[in-house]
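# A structural walkthrough
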Amino acid sequence: MQNWYYPFIFLYSSLLLASDCQSIKPEHTYSPMVSKSFSIDYYKGYRILHRGLDQIILKSKNTELSCESKLFQIETPVRKIVLTSTTQLPALELLSLEDSLLGFQGKKYIYSNHFIKNKITNISHPLVAEELLKIKPDLVMTYELNSQSNELISKFRKLKIPIVLNDDFLEKSSLARAEWLVYIASFYNKEELAIKIFNDILLRYNLIKNKLETIKKRRKVLIGDIQNGKWVTCGGESDLAKLINDAGGELLLSSKSSSTQRRSLEDLYLIASVPDIWLTQNNWTNLSFIKSDSRYKNIKTSNIYNNQNRISADGANDYWEMGMSRPDLLLEDYATMFFPEIFIQHKLLWYKKL
């Protein structure tokens, strides 16, 4: 009997071996509870991380894929990472991975003393390929505005620089932003721990929010200050507006946008006597900035707060660091400012009264 069928068996086996990694059905998928901006597909021996149109294969160093793919690949767990935004730093602290921070853009702006700055390389802005190739990080995490273009990301990857984008700043809620903890954890193979931490944050956030649902009179909240003849405030669909609403506040000069708003001073003066709370959201540390400018004299409230409570000697502001990763604690700050009679025990973390 002729063995004519053996070549066909070999060919069939080869086709199976050469199948596209993306065409295989994942064993399971992690879909974030709040964020809709990333997900993780799990396969035998590898994962595919999805962020927008970008897809990255995550696999251990010694893993040989049983499929083919043109996707960019990163070996995990990473040991040394370069970060470019203070909002990315708390993930390392929450996961006890502070020692993995190899480089940072503007390291003097790191607030947390859990990072040893003299062991961290100060990275240029914008990113320089030669500099990164010299220090050889396992991962570089940046964001779209910082990386300038997808062409730059493509160029860096062709040079074998393992670079990825983090879109946490595009989220429209602080909870969704905080869930990027899981995205960062995936490069360390620590998603399970990150999910647990985020679930605890989510639970605590909802407990505070639910405590305020029976409030009959919401606090009227003014956000911002005057810049170039305009009142600059947050959009009504922004993450800050969402926090204010969940804390029992009503945002004045609200809009149906998530973007920063520039309103006329006439709009401001129409509501100037109304605010219960004014959150300046700038670098003011006392009332002298307000008293020296007559344009603010019609804002009739003594409850003026700013997020300058945790500032380092170098000017690093923890509001833009841990504050962005702990929306539960941030919500409690807002709730305490709005309803101090209810949140008697809470001491403000990021805000202070001017």
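Summarised in this report is the structure supplied together with it. (Residues numbered from 1 in each chain as written. Predicted model: local features only at pLDDT ≥ 70, side-chain atom pairs only at ≥ 80, totals over all residues. Heavy atoms only, no water.)

## Some thoughts on the state of the cysteines
Quick note on the threshold: In plain terms, two cysteine sulfur atoms within 2.5 Å form what is called a disulfide here. Helix and strand definitions here come from DSSP, where helices need a minimum of 4 consecutive H or I residues and strands a minimum of 2 consecutive E residues; each element is numbered from the N-terminal end. Accessibility here uses a 1.4 Å probe with only protein chains present; expressed as a share of the type maximum, an area under 20% marks a residue as buried, one over 50% as exposed, and anything in between as partly exposed.
Summed over all chains, the structure comprises one disulfide. Shown here is the disulfide that connects C21 with C67, its sulfur atoms set 1.9 Å apart. Its S-S torsion of about 95° marks the bond between C21 and C67 as right-handed, since a negative value means left-handed. A residue pair is termed long-range when its members are at least 10 positions apart, and C21 in the loop between α1 (6-17) and β1 (28-30) and C67 in the loop between β4 (54-59) and β5 (72-75) qualify at 46 residues. We note that C21, like C67, is buried.

## Notes on the packing of helix α8 (residues 191-211) against helix α13 (residues 327-338)
How two helices pack is summed up by the angle between their axes together with the distance between the axes. Where we set the bar: Note on geometry: axes are C-alpha line fits, over the in-contact stretch for helices, and angles between N-to-C directions span 0 to 180 degrees. Comment on the angle field: the value is read as roughly parallel under 35 degrees, roughly antiparallel over 145, roughly perpendicular from 65 to 115, and oblique elsewhere. In this scheme the handedness of a crossing depends on how the near helix is turned from the far one: anticlockwise by less than a right angle means left-handed, clockwise means right-handed. In this description, contact between two residues means that some pair of their heavy atoms is separated by no more than 4.5 Å. Here the term charged refers only to Asp, Glu, Lys and Arg, the term nonpolar to Ala, Val, Leu, Ile, Met, Phe, Trp, Tyr, Cys and Pro, and the term polar to all other amino acids, Gly among them.
It is at 8 Å that the axes of α8 and α13 come closest, and there the two elements cross at 20°. One way to sum up the angle between α8 and α13 is to call them roughly parallel. Crossing angle aside, the handedness with which α8 passes α13 is left-handed. Taken together, the residues of α13 that come into contact with α8 (itself represented by I201, R204, Y205, I208 and K209) are P327, D328, L329, L331, E332 and A335. Per-class residue counts for the contact of α8 with α13 are seven nonpolar, no polar and four charged.

## Things to note about the pattern of salt bridges
Note the cut-off: Only one rule defines a salt bridge in this text: a Lys or Arg side-chain nitrogen within 4 Å of an Asp or Glu carboxyl oxygen.
Evaluation of the coordinates by the stated rule reveals 17 salt bridges. Close ionic contact of D246 with K209 constitutes a salt bridge, the shortest N to O distance being 3.9 Å. Here D246 is found in helix α9 (residues 239-246), whereas its partner K209 is found in helix α8, with 37 residues between them in sequence. Linking D246 and K242 is a salt bridge whose minimum nitrogen-to-oxygen distance equals 3.7 Å. Here K242 and D246 lie together in helix α9, a separation of four residues that amounts to about one turn. One connected set of salt bridges, linked through shared partners, spans R51, D54, R157 and D167.

Purely geometric stuff here, so don't read any function into it on its own.
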